[in-house]
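Structural description and commentary
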Amino acid sequence: MALRLVSDFDLRKDVLPWLRAQRVASAAAGARGGGPGVLENNYESLRILNVERNGNVIYTYKDNKGNVFFGLYDSQTRQNEHLYTFEKDLHVVSCSVNSDRTLLAASLVHSTKEGRKNELQPGSKCLTLLVEIHPVNNVKVLKAVDSYIWVQFLYPHVESHPLPENHLLLVSEEKYIEKFHIQVIQEDGSRVVIKDSGHLPRERVAEDFVWAQWDMSEQRLYYIDLKKSRSILKCLQFSADEKFNLMFEAPLDITLSDSGFKLVNFGCDDLQDQENLSKHLTLCVFTNHTGSLCVCYSPKFDSWEKFTYSVFYFHKGHGKTFTAALGSVDSHVTKGLTFLNLDYYLAVYLPGHFFHLLNIQHPDLICHSLFLTGNSEVVDMLPHSPLQSLSGSLVLDWCSGKLYRALLNQSYLLQFLWNARLDCEKMAVLHCVLSCGGDRRFLEAKIIQWISENISACHSFDLIQEFITASSYWSICPETSNMDKLLPYSSVLTWNTEIPGITLVTEEIALPFMKVHSFKGYWEKLNSNLEYVKYSKPHLHYNNSMVRREWHSLISEEKTGRRRSMVYVKNILDNATKVISNLEARNLEPRLTPLFQEEDNHQRLLMGLMVSELKDHLLRHLQGVEKKKIEQMVLDYVSKLLDLVCQIMETSWRKHSLHPCVPHFSGRASAAEFKVFHIMTRILEATKSLFLPLPPGFHTLHTILGVHCLPLHNLLHYIDSGVLLLTETAVTRLMKDLDNTEKNEKLKFSIIVRLPPLIGQKICRLWDHPMSSNIISRNHVKRLLQNYKKKPPSSVIHKSSFSVEFLPLNYFVEILTDIECSNQALYAFEGHDNVDAKFVEEAALKHTMMLLGL
């Protein structure tokens, strides 16, 4: 299934065997009232009460007499420990143990005869007790009231040594939260007791709230109070020194009742609530290490045809309200909506109806999130029992008593990628798979294999383009904060296609108002995100527009023979050399494709310019990162772009069993070469619009395959439209490999006339043919006469080497000879001193004779 639930704890596997062993031991010793007690057949009373910050699980069970036992499962040692026994028939509302396991706090009520739980009878009391359990000793009553109380010990972030003071939160159904300060001392060696237990200091933490959530991992308390019927979300951060700070206040556009009361993650919800889950609102807060802050909200369910839920992306400054169609009216909702935190994603699913995987890092486009309806087997494979999302990826299935780590199932998503029908599903799953991390080389190979088989399957976006952009992003962004704002995440900037089964409305929301001025860790990242939303418009994502302009400028200068400072160009080419060296250092396996076998200065210029521009972009916007680290990140990023192209080429080359040498121009193209040429053309289309560099030698190889695979008129059309780029290396090989048959002469001439003048002149000299001599002569004459000023005619007429009396030609050759003599240094043809007026005369006569058929 799309979610992989990795078991961390199972009551029946991790606790029951131990309890049975204890029962056998107790029976053999004839014990009465000692140890963990006798369970008899009352195993159904076994349930989880709480999961503490260190991962330890507190559970409870009753014996046949109704005595209540508390146990603890140590997540590190995987051992069980009996904590305490209440020899009364009570129902446990809440329980917590301090980090040193010396104190136990519990809130209990009398069980009713009907077996209904969590119901207070008129005049009954809810007892909140504090028990010394190292060893079992005194019991102190903290509260005895007619309303429910929930308890939670604070866990310091540093647990290297026992703390002299413990801190306990008491949450009352009367809508207030208190914090008790409990000092402990050691007596008689290891015995731990409460100091001055009759006067425990306490302070009011919050009051008049209607909803609260505890984050055990980060030690944060979120709560909502109503001010003038407006919901205000607040957050308290408890720190290592046991102080707490109000971190932010954020208005929420949701409707809550002043008479309502809801707690999240203060221990485990009681089983009797399962029947009514679908009838109540659902509200929870999710954060992750990137500084995201999401509030998920689902109002009371009031329709059998659709289900509405909202996600407020405070770190992005907007919220989205989704409405999911439930299909047939007869498909009643019997379970509650589940929200799960999956790091870069959050999952929303209604068992048996739909599964929505929301991208919280880049939520702007709905196509980056995956929505599946009840018709999909993915939805059917998800757990149908309600899951309670604890801190991070930890989730609790309190029906079965199992604790899981919820992860995206990368292997299943890869399989789903092959079967996805809709473009939006392919887009979403591609990003999900890449976000999972793991063996990136293996992962990329699997995706490339899928792309190769489905190269034309997408109509809404370019598969290669999206893969290169997304994979390059995920190779860099997780390592450095704020890179997600600076590097492109997707090649798709807008998405207007509807997603079947769901609609959404996006609205701007008020940003949280930060109440402190000094930030560390998560809070620093959240504040950075909020500052970006406030001040960074338009978006700061890098693009190659500047590189495009500068590259075209350099190429234009090259064509005209002018070039700016050689130092500037050398620095750019040095950048490209570093990129290629970085790429080769990371990939030691020999390549099958004949790339990187030529200089290809145009692509090196593009590489070098991209390195220069991207480095300037990151230095401008990425604060607090060393320059050397930024330079290496840039090299890694540009290297990754090239490497992905090479990987696609390697896969195609290997799949079609092509030879690692560069193909010859002679001979017919095979079916395999046709397919590889098609893939290369698609790669070129993908990189061209984004203006990304290609590996040196790519255009040469593409042109050679193009000559092999295409008829002449198609080939010339590809060249004229810019699909095939003629490189000096490719044309040089063409001139040498092909003989001068009529068909090849036509091809050669068609190629030569399409070359830039400087390259064309070089290539013509490699082709021993009257046509090339004619072109060379024309170019030579053009250069000589560019700045020619007419002089008085000479009285001497020099005879040509041919005994032909053709006065116009004789006169023209004499003018050329005079210009050559007076400007020999300026007009000498580099490397070809035999190109002179005499050469021009001979070429002209031969061309005339050929035209006349002589």
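Residues numbered from 1 in each chain as written. Predicted model: local features only at pLDDT ≥ 70, side-chain atom pairs only at ≥ 80, totals over all residues. Heavy atoms only, no water.

With that out of the way, let us pick up the overall build of the protein chain. In terms of regular secondary structure, the protein chain is built from 21 helices and 31 strands. With 854 residues in all, the protein chain has 54% of them scored as buried. The long-range fraction of contacts in the protein chain, counting pairs at least 24 apart against all pairs at least 6 apart in sequence, stands at 60%. Accessible area of the protein chain: about 40,100 Å², with a carbon and sulfur share of 51%. (Helix = DSSP H or I, 4+ residues; strand = E, 2+ residues; numbered from the N terminus. Buried < 20%, exposed > 50% of the residue type's maximum accessible area, 1.4 Å probe, protein only. Contact = heavy atoms within 4.5 Å. Areas by Shrake-Rupley, 256 points an atom, 1.4 Å probe, with all protein chains shown as cover.)

For the rest of this paragraph, the subject is the packing of helix α9 (residues 566-586) against helix α10 (residues 601-621). Following both chains from N to C, one finds α9 and α10 inclined at 90°, their axes separated by 7 Å at the closest point. The orientation of α9 with respect to α10, classified from their angle, is roughly perpendicular. Side by side, α9 and α10 meet where Y568, V569, I572, L573, N575, A576, T577, V579 and I580 of the first sit next to N601, R604, L605, M607, G608, L609, V611 and S612 of the second. Taken together, the residues of the contact of α9 with α10 sort by class into eleven nonpolar, five polar and one charged. (Axes fitted to C-alpha atoms, helices over the stretch in contact; angles between N-to-C directions. Parallel < 35°, antiparallel > 145°, perpendicular 65-115°, else oblique. Nonpolar A, V, L, I, M, F, W, Y, C, P; charged D, E, K, R; others polar.)

All right, on to the environment of A325 then. Mapped onto the elements of the fold, A325 is located in strand β22 (residues 318-325). Assessed through its relative accessible area of 43%, A325 is described here as partly exposed.

Our focus in this paragraph is the sheet that holds strand β15 (residues 220-227). Strands in a sheet are paired, the pairing made by backbone hydrogen bonds, and the direction either parallel or antiparallel. Spatial strand order, β18-β14-β15-β16-β17-β31: six strands in an open sheet with mixed pairing. A strand with exactly one partner marks an edge of an open sheet, and here the two such strands are β18 (262-264) and β31 (513-514). Looking at chain direction, β15 and strand β16 (residues 230-238) are connected through eight bridges and run antiparallel. The partner of L226 across the bridge, within β16, is S231. (Pairing = 2+ DSSP bridges.)

This part covers the nonpolar core. Core analysis: the biggest nonpolar cluster contains 154 residues, and Y309, L346, F354, I447 and W495 have the highest contact counts within it. Looking at which element gives the most residues to this core, the answer is helix α11 (residues 627-655), with 14 residues. Counting residues in hydrophobic clusters, the runner-up holds 56 residues, among them L154, I177, M216 and F238. (Core = buried A, V, L, I, M, F, W, Y, C linked by side-chain atoms within 4.5 Å.)

Further remarks concern the side chain of E466. Along the polypeptide, E466 turns up in helix α6 (residues 463-476). We note that E466 is buried and unpaired, the nearest opposite charge coming from R682 at a distance of 12 Å. Those residues in contact with E466, other than ones at most four positions away along the chain, are H368, M427, L430, H431, F461, Y489, S490, S491 and V492. (Lys, Arg positive; Asp, Glu negative; His and termini not counted. Salt bridge = Lys/Arg side-chain N within 4 Å of Asp/Glu carboxyl O.)

Turning next to the packing of α10 against α11. One way to put it is that α10 packs onto α11 with a least axis distance of 9 Å and a crossing angle of 135°. Taken together, the axes of α10 and α11 lie oblique to each other. For α10 against α11, the interelement crossing comes out right-handed. Where α10 abuts α11, its residues M607, M610, V611, L614, K615, L618 and L619 lie against K627, I630, E631, V634, L635, Y637, V638, L641 and L642. Of the residues that constitute the contact of α10 with α11, the class distribution is 13 nonpolar, no polar and three charged. (Left-handed = near helix turned anticlockwise from the far one by under 90°.)

All right, on to the pairing of strand β5 (residues 79-97) then. Where strand β4 (residues 67-74) and β5 come together, eight bridges link them in antiparallel fashion. Bridge pairing in β5 links D74 to Q79. Hairpin connection, β4 to β5: the antiparallel pair is bridged by four residues, and R78 has positive phi, about 55°. As paired elements, β5 and strand β6 (residues 103-110) share seven bridges and run antiparallel to each other. For V92, the partnering residue across the bridge sits in β6 and is L108.

Further remarks concern unusual backbone geometry. For the bond running from H134 to P135, omega is -5°, close enough to zero to count as cis. Positionally, P135 belongs in the loop between β7 (126-133) and β8 (136-145). The phi dihedral of N265 is positive, around 65°, even though this residue is not glycine. At F691, a residue that is not glycine, the phi angle is positive and equals roughly 55°.

The full count for this structure, using the stated rule, is 29 salt bridges. Put simply, K125 and D146 hold a salt bridge, and the shortest N to O gap is 3.9 Å. Separated by 21 residues along the polypeptide, K125 in the loop between β6 and β7 and D146 in the loop between β8 and β9 (149-153) bring together distant segments of the chain. Taking the relative accessible area as the measure of exposure, K125 reaches 41% and is therefore partly exposed. Looking at D146, the relative accessible area reads 48%, which means it is partly exposed. The partner of K655 in a salt bridge is E453, and the shortest N-O contact between them spans 2.5 Å. With K655 in helix α11 and E453 in helix α5 (residues 440-453), this pair connects stretches of sequence that are 202 residues apart. Accessibility expressed as a relative area gives 42% for K655, which makes it partly exposed. Taking relative accessible area as the criterion, E453 reaches 46% and is therefore assigned partly exposed. When salt bridges that share partners are traced, they join K143, E178, R202, R204 and E207 into one network.

Let us look at the environment of W450. Summarising the element assignment, W450 is placed in helix α5. Taking the C-alpha atoms as reference, W450 lies 9.7 Å from Q415; in sequence the two are 35 residues apart. Among residues more than four places away in sequence, those in contact with W450 are L417, W418, K426 and L463.

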